[in-house]
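An overview of the molecular structure
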Amino acid sequence: MNIFRRPVLKSLLLALSLPAALLAQAQPAPIKIAMIEGLSGPFANTGEAVYRNLAWAAERVNARGGIKLPAAAGGNRPLAIERYDSKGQNEEALAALRAAIDDGARFVAQGNSSATAAVLIDAINKHNEREPGKRVIFLNYAAVDPILTNEKCSFWHFRFDAHADMRMAALMEVLKDDKAVKSAYLIGQDYSFGQAVAREARRQLGQQRPDVQIVGDELHPMGRVKDFMPYAAKIKASGAQAVITGNWGNDLTLLVKAAREAGYEGKFYTFYGNALGAPAALGEAGVGRVIAVADWLPNAPGKDSEAFYQSFRQRFPKPADDYVHMRMQLLVESLAQAIERAGSLQAVDVAGQLEKANVTLNGQRGTMRALDHQFQQQLMVGLMERQGAAGVKFDVEGSGYGFRVIKVLPAARAEQPSSCKMQRP
């Protein structure tokens, strides 16, 4: 009997394991989106906010059966968001890109830092030329230096956020009518994006409000300033009636907190004053004085918009997990649409469809401009108010403060010209 025991046992184990193996083979391989972002370091909170948004968007696609492809291309496939920590450093981001490509990712998402986006675009251009069988598409959700869809435009790069000039134009739609402001202080992070914001603020003030005196104009190290009180003191001493800043993450939170503690009573015209700790840091000092521009705001009017925000809060109920980005949802919807229309995962086919993207989600519509791969959508400007005030049903991060929509720019008015001369494969 012993001579039969081992073969019988081996056959039994094989039989038991066979259904699991067949099941594993039956599961389609996911389509990977490699998120390369600072998940540690001074801007880790912004990276985690991005991940929640992309993960939620992928869950929505997967809940409806995934991305639908023909059987010859593998059939329906789920989306998977894979995290790669750049630690907020360009070299780490490049290393993450190489790792993501080695892991089989053909779609890369990044946004928190235009400087990082620029080096990734360059690296992806070179990689795609060198290895046409492993081409990669870059999905940009937040790197808004205008140069990225102008002089540095690339067939492989698609930007889903409004760039700095577009955002500044939206802010100026409000500032041009704010006749109480006669002086402004420009402050920002000392890298390509911060420099672009300052440059455009000077240009647009000259056009829209030449009567406004610029009483301060400076840049500070990005992510390294722990105490903004010296900057706040200079802002207050300048007599500026408004601050214009593109700061984001902790650089914004610490700046507005220092301004509050210094007793500054002017207005803040911001790119990101509605996000990541800023309203809580300002508190009552920000009510009626902090203006922020975004592609969408939680208090945007309409039942569709309200339902969208409430569904996000149900998925992420902790106040600290607030801050949903509509543009990131539209990014994932655009990618899903492009892959399905291409009927393929080949980068050149998907890119060809992605530059024709036309998507709508809960009342927000966006289209991709093929000329430069700059997404076109309406922009909103909000004013910070107490939750419960007219037009402020929802607050930010449980702070008790939210943003009332005071200006909506249709996509046609938010659009800006481009100098892109794209090289196509």
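Bear in mind that the values here come from a model prediction, so they are computed numbers and not experimental data. (Residues numbered from 1 in each chain as written. Predicted model: local features only at pLDDT ≥ 70, side-chain atom pairs only at ≥ 80, totals over all residues. Heavy atoms only, no water.)

Considering the overall build of the protein
A tally of regular secondary structure across the protein gives 13 helices and 15 strands. Here the protein holds 425 residues, and 55% of them are scored as buried. Considering only contacts within the protein whose residues lie at least 6 apart along the sequence, 71% involve residues at least 24 apart. When the accessible surface of the protein is totalled, it reaches about 17,800 Å², and 53% of it is carbon and sulfur. Positive and negative charge centroids in the protein, built from 51 and 43 side chains respectively, lie 4 Å apart. (Helix = DSSP H or I, 4+ residues; strand = E, 2+ residues; numbered from the N terminus. Buried < 20%, exposed > 50% of the residue type's maximum accessible area, 1.4 Å probe, protein only. Contact = heavy atoms within 4.5 Å. Areas by Shrake-Rupley, 256 points an atom, 1.4 Å probe, with all protein chains shown as cover. Lys, Arg positive; Asp, Glu negative; His and termini not counted. Charge placed at Lys NZ, Arg CZ, Asp CG, Glu CD.)

Regarding the confidence of the model for the protein
Considering every residue of the protein, the mean pLDDT works out to 92; 94% of them sit at 70 or more. Overall, residues 1–18 carries pLDDT values under 50, and its contacts beyond four positions in sequence, including any with other chains, amount to zero contacts. A low-confidence stretch, residues 20–24 stays under pLDDT 50, and its non-local contacts, those more than four residues away or across chains, total zero contacts. (pLDDT = per-residue confidence, 0-100.)

Quick word on the state of the cysteines
A complete count under the given rule lists one disulfide for this structure. A disulfide bridge connects Cys153 with Cys420, and the sulfur atoms are separated by 2.1 Å. Given an S-S torsion of about 85°, the disulfide between Cys153 and Cys420 has right-handed geometry. Here Cys420 lies in the segment after helix 13 (411–414) and Cys153 lies in the loop between strand 4 (137–140) and strand 5 (157–159), a separation of 267 residues in the sequence. Each of the two residues, Cys153 as well as Cys420, counts as buried. (Disulfide = S-S within 2.5 Å.)

Let's talk about the pattern of salt bridges
Taken as a whole and judged by the stated rule, the model has 25 salt bridges. With a closest N to O distance of 3.6 Å, Lys182 and Asp211 form a salt bridge. Of this pair, Lys182 sits in the loop between helix 5 (164–175) and strand 6 (183–189) while Asp211 sits in the loop between helix 6 (192–208) and strand 7 (213–220); the two residues are 29 residues apart in sequence, bridging distant segments of the chain. Owing to a relative accessible area of 40%, Asp211 belongs among the partly exposed residues under this scheme. In this structure, a network of salt bridges that share partners links the residues Asp161, Arg167, Asp295 and Arg327. (Salt bridge = Lys/Arg side-chain N within 4 Å of Asp/Glu carboxyl O.)

Quick word on the side chain of His373
Mapped onto the elements, His373 comes out in the loop between strand 12 (364–369) and strand 13 (374–377). Setting aside residues up to four positions removed in sequence, His373 forms contacts with Thr149, Ser154, Phe155, His157, Phe158, Arg159, Glu355, Met368 and Met422.

A few points about the nonpolar core
Formed by 77 residues in total, the largest nonpolar core has its most connected members in Leu54, Phe107, Ile137, Leu139 and Tyr141. In this structure Phe107 touches Ile31, Lys32, Ile33, Ala34, Ile137, Leu139, Leu335, Ile339, Leu345 and Val350, once residues within four positions along its chain are discounted. In this structure, Ala259, Val287, Ile291 and Val381 belong to the second largest nonpolar core, which totals 64 residues. (Core = buried A, V, L, I, M, F, W, Y, C linked by side-chain atoms within 4.5 Å.)

Some points on the environment of Asp102
Tracing the backbone shows Asp102 in helix 3 (residues 90–102). Taking C-alpha positions, Asp102 is 9.6 Å from Lys134, a pair spaced 32 residues apart along the chain.

Overview of the sheet that holds strand 7
Read from one edge to the other, the open sheet built from seven strands follows the order 7-6-8-9-10-14-15, with strand pairing classed as mixed. Of all strands in the sheet, those with a lone pairing partner are strand 7 and strand 15 (401–409), marking the two edges. Across this sheet, the average inter-strand angle for adjacent strands is 20°, counted without regard to direction. Note: strand 6 against strand 7, seven bridges, orientation parallel. For Ser183, the partnering residue across the bridge sits in strand 7 and is Gln213. Contacts between helix 6 and the sheet are confined to strand 6, strand 7 and strand 8 (242–245), with strand 6 contributing the most and set at about 160° to the helix. Against the sheet, helix 8 (residues 250–262) contacts strand 6, strand 7, strand 8 and strand 9 (267–270), and its axis sits at roughly 170° relative to strand 9. (Pairing = 2+ DSSP bridges. Axes fitted to C-alpha atoms, helices over the stretch in contact; angles between N-to-C directions.)

Comments concerning the packing of aromatic side chains
This model, assessed by the stated rule, comprises 15 aromatic pairs. Plain terms: the ring middles of Trp296 and Tyr309 are 6.3 Å apart, the flat faces sit at 45° to each other, and that makes the pair tilted. Here Tyr309 lies in helix 10 (residues 303–315) and Trp296 lies in the loop between strand 10 (290–294) and helix 10, a separation of 13 residues in the sequence. The two residues Trp296 and Tyr309 agree in class, both being buried. Taken together, the ring pairs in this structure connect Trp56, Trp296, Phe308, Tyr309, Phe312, Phe316 and Phe394 into an aromatic cluster. Positioned above the aromatic ring of Trp56, the side-chain terminus of Arg60 is 5.7 Å from the ring centre. Here the guanidinium or amino end of Arg83 rests over the ring plane of Tyr51, the centre of that ring lying 4.6 Å away. (Phe/Tyr/Trp six-rings, centres within 6.5 Å; stacked < 30°, edge-to-face > 60°. Lys NZ or Arg CZ within 6 Å of the ring centre and 35° of its normal.)

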